[in-house]
Amino acid sequence: MAGVDFRALRSEVGMAEVLHLLGFVLLPRRGGQVRGPCPVHRPRRPGSRSLSAHLAKHAYQCFHCGRSGNQLDLYAAATRQPLHQAAIDLCERLHRPVPWLTRPDPGPRKSPPAS
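Below, the structure is looked at part by part. Being a predicted model, the structure only gives us computed values, none of them experimental.

Criteria and cut-off values
- Residues numbered from 1 in each chain as written.
- Predicted model: local features only at pLDDT ≥ 70, side-chain atom pairs only at ≥ 80, totals over all residues.
- Heavy atoms only, no water.
- Helix = DSSP H or I, 4+ residues; strand = E, 2+ residues; numbered from the N terminus.
- Buried < 20%, exposed > 50% of the residue type's maximum accessible area, 1.4 Å probe, protein only.
- Contact = heavy atoms within 4.5 Å.
- Areas by Shrake-Rupley, 256 points an atom, 1.4 Å probe, with all protein chains shown as cover.
- Polar contact = N/O pair within 3.5 Å; in protein donor to acceptor, adjacent residues only side chain to side chain.
- Salt bridge = Lys/Arg side-chain N within 4 Å of Asp/Glu carboxyl O.
- Core = buried A, V, L, I, M, F, W, Y, C linked by side-chain atoms within 4.5 Å.

Here's the deal with the overall build of the protein
Item 1. Each helix and strand in the protein was counted, giving 4 helices and 4 strands.
Item 2. Counted from the first residue to the last, the protein has its helices and strands arranged as α-α-β-β-β-β-α-α.
Item 3. Taken over 115 residues, the protein has a buried fraction of 38%.
Item 4. A separation threshold of at least 6 residues defines the contact pool for the protein, and within that pool the share at least 24 residues apart is 46%.
Item 5. A total of about 7,800 Å² of accessible surface is found on the protein, and carbon and sulfur atoms cover 53% of it.

Let's talk about helix 3 (residues 71-79)
Item 1. For helix 3, the tally of buried residues reaches 7 of 9 residues, placing the bulk of the element in the interior.
Item 2. Here the buried face of helix 3 lies against helix 1 (6-12), helix 2 (15-21), strand 3 (59-62), strand 4 (68-70) and helix 4 (83-93).
Item 3. Capping the start of helix 3, Asn70 holds a side-chain oxygen 2.8 Å from the backbone nitrogen of Leu72, two or three residues further along.
Item 4. Directly beyond the C-terminal end of helix 3, a positive phi value near 55° is found at Arg80.

Focus on the pattern of salt bridges
Item 1. Under the criterion given, the structure shown has 1 salt bridge.
Item 2. Among the ionic pairs, Arg96 bridges to Glu17, the shortest N-O distance being 2.5 Å. Here Glu17 lies in helix 2 and Arg96 lies in the segment after helix 4, a separation of 79 residues in the sequence.
Item 3. The class for Arg96 is partly exposed, based on a relative accessible area of 29%.

Examining the nonpolar core
Item 1. Membership of the largest hydrophobic core comes to 29 residues, with the highest contact counts inside it found for Met15, Leu19, Leu51, Tyr60, Leu74 and Leu90.
Item 2. For this core, the secondary-structure elements that each account for two or more residues are helix 2, strand 2 (51-54), strand 3, helix 3 and helix 4.
Item 3. The element best represented in this core is helix 3, accounting for 6 residues.
Item 4. Residues within four places of Met15 in sequence aside, it is in contact with Ala53, His54, Leu55, His58, Ala59, Tyr60, Asn70, Gln71 and Leu74.

Remember that the coordinates give geometry; whether it matters functionally is a separate question.
Here's what the structure looks like:
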């Protein structure tokens, strides 16, 4: 299985895009932060403000279930997928190429010395 360049993906996909994909209902903003119901534990009350997400810092924290992390962590937790699969799924849903890790070219192979 090829590796996903998570650093590149985090720089390309914003928290606002992830929240939109998850159907996050934005409640009034305060600076760069938004509050609303947590898409991970899905509270019963639609007016819940347990999740706080900072759009510029690409970070979130739920004050009810205790989850926190970046936008990829949020997408993986909300969709209940492993991080690798969630990253691929996120790229597909956003119609973006998956940023794969590239291996450095080791150069030409040396043949073993003849005996």
